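Observations on the three-dimensional arrangement
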Amino acid sequence: MLAWGSLTKTDVIGAIVVIALLSVVPFVGSRYIVGIMTVALCYAIWASSWDFMSGLTGRENFGHSLFIGTGAYTAGFLNVSFGLSPWWGFPAAAIIAVLFSLIIGIPTLRLRGPYFALAMLSGAVVMQKLSIIFSETTGGQDGLNGLSPMLRSQVSAYYFTLVALVVTVIVLKFIALSPWGTILRAIRGDEATCQAAGINVNFYKISALMISAAFAGFGGALYANYQLQVGPDLFDVALSINIIIMVYVGGMGSIYGAVGGALLLIGLTEGLRSFSEYRLWVYTLILILILFFIPNGVIAPAWVRVREWIIGRSAAFTRRASA
Amino acid sequence: MSALLHVEGLTKRFGGLTAVKNVSFALEPGEITGILGPNGAGKTTLFNLLTGFMRPDRGTIGFDGVPLIGVAPHRIVNRGLARTFQLTRPFIGMTVVENVVVGCLAPRVRAEGHTEARARDMLDRVGLGAKANVMVDALSYGDLRRLEIARELVTRPKLLLLDEPFAGLGTSEIEPLAALIRELHKSEGLTILIIEHRLREFMQLVRRVIAMDFGEIIATGSPAEIVRHPRVIEAYIGRGGDDLEARLGVAPENARGIA
Ligand SMILES: Nc1ncnc2c1ncn2[C@@H]1O[C@H](COP(=O)(O)OP(=O)(O)O)[C@@H](O)[C@H]1O
Ligand SMILES: [Mg+2]
């Protein structure tokens, strides 16, 4: 592994602390809180998968809901229409989402300009329209209901989602720290220079989108299997935008920042319930303040500071101990 | 045909403008050659054609005995033809050594492994060893040029194209960079083609100059011959009437090259 990209011991300890905190949620929180947190973990999977493609390569994807929605509907169809076990939904959702990523990515990622971003956006919009039009198979506005639950209790669904998130982050972070990640960040820096270094830029961009789509589709199936329902709102532009904002708030290109951004914003939405009808206004104001005054995001830069502080303290401690 | 690079009848039009017009030349292995011409002469376009960033309207390019037309830029690099850009655009947000590691990851050399060690060795060679861990955003223009050369050299090119490597550099930076290029040429046996719009930088560096104007080759010869060539003088004086010395960077009467 490359030395400058490898994790410090402090990073690993930090991750373990966060996982431990998330693990105690079912012990201290109500059913309601556990439900909210399960959804938040799904958002974290979607946000980190967006960050893997767009945060690393800089090619922004304005239609991540395309992958989430196709993944969720794939899981829904297999379960409701074909009667397959909900577990089949996960690999199938990932595969179908990857197919969509190829349909959009191959023609548009080679082009400069906004074509890729717009194609993703329109892809999601078109799929939403189709899911409403073909209501006989898709259930139209109501979507597909009555998926059979994959796990019996809500708490086990929560832990399953948490494990899925941890695996997602480990895999994406591992790739981001490998030479692959170096190449993806170089593409963000300058594509022509990357080609001049002998790198097949299109191959790496398309592969990154495929990986991003696979995890987003998987996350869509996870959400469907938790809600036991899928609907056209999963293709919403608003969902895609929400995910982008989560990554911006978390800090782009770090993967774990996206997770923090998702948890923070879902938490904020819930925390603002006491503002009742002003809730959306306050939420929007806080977002604007963050995006305006902290353009690099909150979570990832904050962790970098904390890590420096911890490393500084432990170095001082070691010095004092050896003196 | 022993030439490393063989260009025949290369032509590129942009709408009504012919940026490169029927250009033919050959480079022998181990040669260090200059391309001279005023701004807009078509030098950068010629490099873009040779490296696959643009497709010519007409003409052929043979490199190491195989045709290059229609081959993607990254494939051309992996066949051993590397280039730098007139405007260097490093990988912002990455360290200096990471910038070079990307070159070590090119399929042509990736199997050699030890990417970071190779990158650091190359940085030592171009005089950037001490700045390996610095963010690239903090480098001076001269250092960026060295970085770009390092990133290309790790792909082990047979032919290196340098697009105005001295442009924008102070006089104190030019001579050390020229010395580096001479050193690389000698120790690696590297074939080099350098673009410059002033002749002065070529005097101690190249044996042969190809002069271009309006997309065409107007003269070929040693720097001392080129500076006296009537069409070169016309190309440089014809523009704005400035004196030749200021535009070429060398006075014809003082021209004494290495040839
Ligand atoms: N991509 C392009 N589209 C249109 N015209 C171009 C393009 N690139 C270069 N040109 C034109 O071609 C001519 C040669 O440009 P260039 O090769 O950059 O010259 P040089 O490098 O010798 O200064 C100029 O007139 C320039 O404006
Ligand atoms: Mg030029």
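The structure presented is a predicted model; accordingly, all values stated were derived computationally and were not measured.

Analysis parameters
Residues numbered from 1 in each chain as written. Chains lettered and ligands numbered in written order. Predicted model: local features only at pLDDT ≥ 70, side-chain atom pairs only at ≥ 80, totals over all residues. Heavy atoms only, no water. Helix = DSSP H or I, 4+ residues; strand = E, 2+ residues; numbered from the N terminus. Buried < 20%, exposed > 50% of the residue type's maximum accessible area, 1.4 Å probe, protein only. Contact = heavy atoms within 4.5 Å. Areas by Shrake-Rupley, 256 points an atom, 1.4 Å probe, with all protein chains shown as cover. Rg over C-alpha atoms; globule rule 2.2 N^0.38 Å. Axes fitted to C-alpha atoms, helices over the stretch in contact; angles between N-to-C directions. Parallel < 35°, antiparallel > 145°, perpendicular 65-115°, else oblique. Left-handed = near helix turned anticlockwise from the far one by under 90°. Nonpolar A, V, L, I, M, F, W, Y, C, P; charged D, E, K, R; others polar. Buried area = accessible area lost by both parts, 1.4 Å probe. Salt bridge = Lys/Arg side-chain N within 4 Å of Asp/Glu carboxyl O. Pairing = 2+ DSSP bridges. Right-handed = clockwise from strand over helix to strand, strands pointing away. Donors = N, O, S within 2.8 Å, 3.2 Å for Na, K, Ca; no water. Near = heavy atom within 4 Å. Polar contact = N/O pair within 3.5 Å; in protein donor to acceptor, adjacent residues only side chain to side chain.

**A word on the overall build of chain A**
Of the regular secondary structure elements, chain A holds 15 helices and two strands. In terms of overall dimensions, chain A has a C-alpha envelope of 75 × 55 × 40 Å along the principal axes. Burial statistics for chain A: of 323 residues in total, 50% are counted as buried. For chain A, restricting intrachain contacts to residue pairs at least 6 apart in sequence, the fraction spanning at least 24 positions comes to 80%. Accessible surface computed for chain A: about 15,000 Å², of which carbon and sulfur atoms make up 71%.

**A word on the overall build of chain B**
Summing up its helical and strand segments, chain B has 10 helices and 10 strands in all. Relative to the globule expectation of 18 Å for 259 residues, the C-alpha radius of gyration of chain B, 18 Å, shows essentially globular dimensions. Viewed in the frame of its principal axes, chain B has a C-alpha envelope of about 50 × 40 × 35 Å. Buried positions account for 55% of the 259 residues belonging to chain B.

**Here we look at the packing of helix α12 (residues 237–250) of chain A against helix α13 (residues 256–271) of chain A**
All names here are of chain A. Put simply, α12 and α13 touch, their axes get as near as 7 Å, and they point 110 degrees apart. Considered as vectors, α12 and α13 are oriented roughly perpendicular to each other. The handedness of the crossing between α12 and α13 is right-handed. Residues I245, M246, V247, V249 and G250 of α12 lie in contact with α13, whose contacting residues are G257, A258, G261, A262, L264, L265 and I266. Residue classes in the contact of α12 with α13 are distributed as nine nonpolar, three polar and no charged.

**Description of the interface of chain B and chain A**
Taken residue by residue, the interface counts 27 residues in chain B and 20 residues in chain A. Across the chain B to chain A interface the summed buried area is about 1,900 Å²; carbon plus sulfur atoms make up 65%. Sorting the residues of chain B by area buried against chain A places H74, F91 and E98 of chain B first, and these three jointly supply 25% of that buried surface. The interface formed by chain B and chain A contains two salt bridges.

**Let's talk about the pattern of salt bridges**
Scanning the model with the defined rule gives 19 salt bridges over all chains in all. The partner of R125 of chain B in a salt bridge is E188 of chain B, with the nearest N and O atoms 2.6 Å apart. Linking R125 of chain B in helix α5 (residues 115–125) with E188 of chain B in helix α7 (residues 171–188), this pair joins segments that are 63 residues apart in sequence. Counted as one network, the salt bridges with shared partners bring together R59, E191 and K205 of chain A.

**Examining the pairing of strand β8 (residues 191–196) of chain B**
Residue and element names in this part refer to chain B. With six of six residues buried, β8 lies mostly within the body of the structure. Neither face of β8 is left uncovered, since the one carrying T191, L193 and I195 and the one carrying I192, I194 and E196 both have all their residues buried. Bridge count for strand β3 (residues 32–36) against β8 is five bridges, and the pairing is parallel. Across the sheet, residue L36 finds its bridge partner in β8, namely E196. The sheet contact formed by strand β7 (residues 159–163) and β8 spans five bridges and is parallel. When the sheet's bridge partners are listed, D163 is paired in β8 with I195. Between the parallel pair β7 and β8, the chain is carried across by α7, and the sense of this crossover is right-handed.

**Observations regarding the coordination of the magnesium ion (ligand 2)**
Residue and element names in this part refer to chain B. In this structure, T44 (OG1) and Q86 (OE1) serve as the protein donors to the magnesium ion (ligand 2), at separations of 2.0 to 2.2 Å. Taken together, the residues span a long stretch of sequence, with T44 in helix α1 (residues 43–50) and Q86 in the loop between β6 (81–83) and α3 (96–104) at a distance of 42 residues. Judged by its relative accessible area of 25%, T44 falls in the partly exposed class. Judged by relative accessible area, which is 29%, Q86 ranks as partly exposed.

**Considerations on the sheet that holds β6 of chain B**
Residues and elements named next belong to chain B. Taking strand neighbours across the sheet as the criterion, the six strands line up as β6-β7-β8-β3-β9-β10 in an open arrangement whose pairing is mixed. Two strands in the sheet have a free side with no partner beyond their single neighbour: β6 and β10 (216–221). Going from strand to strand, the sheet's axes swing by 20 degrees on average, the running direction of each strand aside.

**Remarks on the site of ligand 1**
Residue and element names in this part refer to chain B. The full set of residues close to ligand 1 is F14, L17, A19, P38, N39, G40, A41, G42, K43, T44, T45 and M54. Contacts to ligand 1 include T44, whose side-chain N or O atom sits 2.8 Å from an oxygen atom. Burial of ligand 1 by the protein chains amounts to 61% of its free accessible area of 560 Å². Among the elements of the structure, β2 (17–27) and α1 are those that each provide at least two residues to the shell around ligand 1. Broken down by element, the shell around ligand 1 gets its largest block of residues, three residues, from α1. Counted by class, the shell around ligand 1 contains six nonpolar, five polar and one charged residues.

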